[in-house]
Amino acid sequence: MRSRYVMRRGLSGTGCRRSAVEVGILAAAWTCAGCAQADPGSGGGAGSETGGPPPSEAIHFEFTEVVPGVYHARGASDLVVGSNAGVVVNETDVLLVDSHISPAAANALVEDLRSITDRPVRYAANTHWHFDHAHGNQVYPPEVEIISHEATRAAIAEGRSNSGRSYELFVGSIPGRIAQMEATLDTLTDEAARAELEGTLEGQRTYYAQLQEVVPTPPNTTLSERLTLHRGGREIQFHFFGRAHTEGDVIVYLPDDRVIITGDMLTGGLPYMGDGYVNEWIETLDRVKALDFDWIIPGHGAPYRERERIDHLQAYLRDLWDQSVALHGEGVSPEDAADRIDLTAHADNFDGISGPGANPVAVLRIFELLDGTTN
């Protein structure tokens with residue numbers, strides 16, 4: 001794989017600073033593929049011609065060419081992008097997979113594409129409806145086809161991408177956490193600590209302001225099970241194999257390139273499960289494994305080739321599900337179950353497992369599925 005940093009004229013800021021407060025704000029694995037900040041006024045129309053952000057020197061994205069013409073785009077600046085993007089450069093046009101967390105992030109990606117191709121964006125895709133993968137849709141002009149599963153379009157049209165438990169967990173709590181940082185800043189006397197927190201605070205204020213520009217925009221092309229594009233000599237398949245991370249997960253499969261782009265059905269570590277279907281996820285991944293591929297471009301994290309990592313995730317999900325079902329049957333509360341579940345058998349495969357306990361949001365979601373109180 002070849003990696004390439006691109007210098008574009010765009011969003012400036014204070015750099016990617018990591019502190020305990022910042023980790024609390026973005027709850028780590030879901031939203032931060034690059035750190036914060038973006039111009040909240042830069043949401044105007046992109047496509048082959050972007051109305052992008054105002055000029056200043058910044059590195060926004062690193063493009064890693066996984067195979068010829070297929071790139072992994074990772075946030076590489078202080079611009080919050082939320083997720084990875086897949087970039088497929090065809091003979092006459094470009095497909096972008098996942099539109100990021102905001103209009104500013106989507107515009108920055110379209111602008112930075114000029115460093116690797118002069119071909120226009122003709123297609124985009126949402127692998128699922130979560131805000132960090134779909135809230136850049138509004139920048140694309142009408143002639144760009146935005147492709148998703150039917151359920152993803154419905155979720156965005158119903159307002160679920162900017163409401164509900166998951167959105168509140170990652171975004172709705174930001175104002176309170178900004179207030180917490182402001183209060184903490186008043187107590188700091190160490191200049192280095194103050195400078196770090198001030199930078200984080202500035203970034204989060206700007207990031208939160210940027211989110212106010214979002215107008216959730218549903219995809220304009222949908223599939224129920226499969227859709228295929230033929231762009232020059234490349235075949236691009238979109239597959240729905242079943243519910244997993246959400247009810248409408250689509251993977252993009254490039255059979256000749258032997259690449260899959262999975263959204264958050266697969267990530268670099270453990271994916272967020274607050275809207276997932278844990279037992280069905282295991283079966284859906286069996287169908288993914290039946291495809292013939294060498295490379296995985298996940299929703300978060302670096303591309304990888306090790307297919308056994310799918311097996312590791314399935315084993316984790318199966319163990320989490322089985323233990324949750326057993327404790328649910330005993331009448332244990334989801335909070336107590338999250339404390340009692342022991343997933344340390346998977347510690348060699350997933351960082352961060354150091355003792356008993358499970359993510360309480362994941363366990364709550366499983367209990368809701370078992371109780372029939374969620375879709």
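Remember, it's a predicted structure, so these values are computed and weren't measured experimentally.

Enquirer: So what's going on with the overall build of the protein chain? Which residues, and what values?
Expert: Across its full length, the protein chain holds eleven helices and 13 strands. Residues classed as buried in the protein chain amount to 55% of the 375 residues present. Residue pairs in contact within the protein chain that sit at least 24 positions apart in sequence constitute 70% of those at least 6 positions apart. When the accessible area of the protein chain is evaluated, it comes to approximately 14,600 Å², of which 47% is carbon and sulfur surface.

Enquirer: Hey, could you go over the nonpolar core for me, with residue numbers and the actual values?
Expert: Grouped together as the largest cluster of nonpolar side chains are 40 residues, with contacts concentrated most on Phe-63, Val-87, Leu-96 and Tyr-140. Counting residues in hydrophobic clusters, the runner-up holds 36 residues, among them Ala-244, Ile-260, Phe-293 and Val-332.

Enquirer: Outline empty space enclosed by the protein, supporting the account with residue identities and numerical values.
Expert: By the definition in use, this model includes two cavities of 30 Å³ or more. Approximately 40 Å³ is the volume attributed to the second largest cavity. Residue lining of the second largest cavity: Asn-84, Ala-85, Gly-86, Val-97, Asp-98, Ile-261, Gly-263, Ile-297, Pro-298 and Gly-299, and that is the complete set. Each residue belonging to the lining of the second largest cavity can be placed in one class, and the counts come to five nonpolar, four polar and one charged.

Enquirer: Got a sec to walk through unusual backbone geometry? Specific residues and values, please.
Expert: Of note in the backbone geometry, His-100 takes a positive phi value of approximately 75 degrees without being a glycine. Positionally, His-100 belongs in the loop between β5 (94-97) and α2 (103-112). Classification of His-100 as buried rests on a relative accessible area of 0%. The phi dihedral of Arg-258 falls on the positive side, at around 60 degrees, and the residue is not glycine. Structurally, Arg-258 can be placed in the loop between β11 (251-254) and β12 (259-261).

Enquirer: Tell me about the packing of aromatic side chains, and name the residues and values.
Expert: Under the counting rule described, the total for this entry stands at five aromatic pairs. Aromatic side chains Phe-63 and Tyr-71 sit 6.3 Å apart centroid to centroid with 90 degrees between the ring planes, which places their arrangement in the edge-to-face category. Site record: aromatic cluster; members linked through ring pairs are Phe-61, Phe-63 and Tyr-71. A cation sits over an aromatic face here: Arg-122 above Tyr-123, 5.0 Å from the ring centre. Lying over the aromatic face of Tyr-277, Arg-365 brings its terminal NZ or CZ to 4.7 Å of the ring centre.

Enquirer: Before we move on, can you summarise the sheet that holds strand β13 (residues 295-297) with the specific residues and values?
Expert: Pairing is mixed across the open sheet formed by five strands, whose spatial order is β9-β10-β11-β12-β13. The sheet terminates laterally at β9 (226-231) and β13, the two strands that pair on one side only. Neighbour to neighbour, the strand axes of the sheet diverge by 20 degrees on average, direction disregarded. Pairing geometry for β11 and β12, over three bridges, is antiparallel. Within β12, the position partnered with Val-252 by the bridge is Ile-261.

Enquirer: Account for the pairing of strand β10 (residues 234-239), with residues named and values stated.
Expert: Along any regular strand, the residues point their side chains to alternate faces of the sheet. Of all six residues in β10, five are buried; the element is thus mostly enclosed. Bridge analysis of β9 against β10 gives six bridges, and the strand direction is antiparallel. Looking across to β10, one finds that Arg-231 is bridged to Arg-234. The hairpin turn running from β9 into β10, its antiparallel successor, is two residues long, and Gly-232 in that turn takes a positive phi close to 65 degrees.

Enquirer: Explain the pattern of salt bridges to me, using residue names and the numbers behind them.
Expert: Applying the stated criterion across every chain, the model contains 16 salt bridges. Between Glu-235 and Arg-226 there is a salt bridge whose closest N-O contact spans 3.9 Å. Two residues, Arg-234 and Asp-257, come together in a salt bridge whose shortest N-O distance is 2.9 Å. Placement of Arg-234 in strand β10 and of Asp-257 in the loop between β11 and β12 is noted, with a sequence separation of 23 residues between them. Classification of Arg-234 as buried rests on a relative accessible area of 13%. Judged by relative accessible area, Asp-257 falls into the buried class, the value being 18%.

Enquirer: A description of the packing of helix α6 (residues 174-187) against helix α7 (residues 191-211) should follow, citing residues and the corresponding values.
Expert: Across the interface, α6 lies against α7 with an axial gap of 10 Å and an inter-helix angle of 155 degrees. Relative to α7, the element α6 is oriented roughly antiparallel. For the pair α6 and α7, the sense of crossing is left-handed. Counted together, Ile-174, Pro-175, Ile-178, Met-181, Glu-182, Thr-184 and Leu-185 of α6 and Arg-194, Leu-197, Glu-198, Thr-200, Leu-201, Gln-204, Arg-205, Tyr-207 and Tyr-208 of α7 form the full contact between these two elements.

Enquirer: Explain the environment of Gly-159 to me, and be specific about the residues and the numbers.
Expert: When you line up the elements, Gly-159 lands in the loop between α4 (150-157) and α5 (164-172). Separated by 30 residues in sequence, Gly-159 and Trp-129 have C-alpha atoms that sit 10.0 Å apart.

Enquirer: Residue-level account of the environment of Leu-291, with values.
Expert: Tracing the backbone shows Leu-291 in the loop between α8 (278-289) and β13. Spatially, the C-alpha atom of Leu-291 lies 8.9 Å from that of Arg-258, the residues being 33 residues apart in sequence. Ignoring anything within four residues of it in the chain, the contact list for Leu-291 reads Phe-241, Ile-251, Tyr-253, Ile-260 and Arg-307.

Quick notes on the rules
Residues numbered from 1 in each chain as written. Predicted model: local features only at pLDDT ≥ 70, side-chain atom pairs only at ≥ 80, totals over all residues. Heavy atoms only, no water. Helix = DSSP H or I, 4+ residues; strand = E, 2+ residues; numbered from the N terminus. Buried < 20%, exposed > 50% of the residue type's maximum accessible area, 1.4 Å probe, protein only. Contact = heavy atoms within 4.5 Å. Areas by Shrake-Rupley, 256 points an atom, 1.4 Å probe, with all protein chains shown as cover. Core = buried A, V, L, I, M, F, W, Y, C linked by side-chain atoms within 4.5 Å. 1 Å grid on protein atoms, 1.4 Å probe; cavity = no way out; pocket = protein on both sides within 12 Å on 5 of 7 lines; lining within 4 Å. Points joined across faces, edges and corners; volume = space filled by probe spheres on them. Nonpolar A, V, L, I, M, F, W, Y, C, P; charged D, E, K, R; others polar. Phe/Tyr/Trp six-rings, centres within 6.5 Å; stacked < 30°, edge-to-face > 60°. Lys NZ or Arg CZ within 6 Å of the ring centre and 35° of its normal. Pairing = 2+ DSSP bridges. Axes fitted to C-alpha atoms, helices over the stretch in contact; angles between N-to-C directions. Salt bridge = Lys/Arg side-chain N within 4 Å of Asp/Glu carboxyl O. Parallel < 35°, antiparallel > 145°, perpendicular 65-115°, else oblique. Left-handed = near helix turned anticlockwise from the far one by under 90°.

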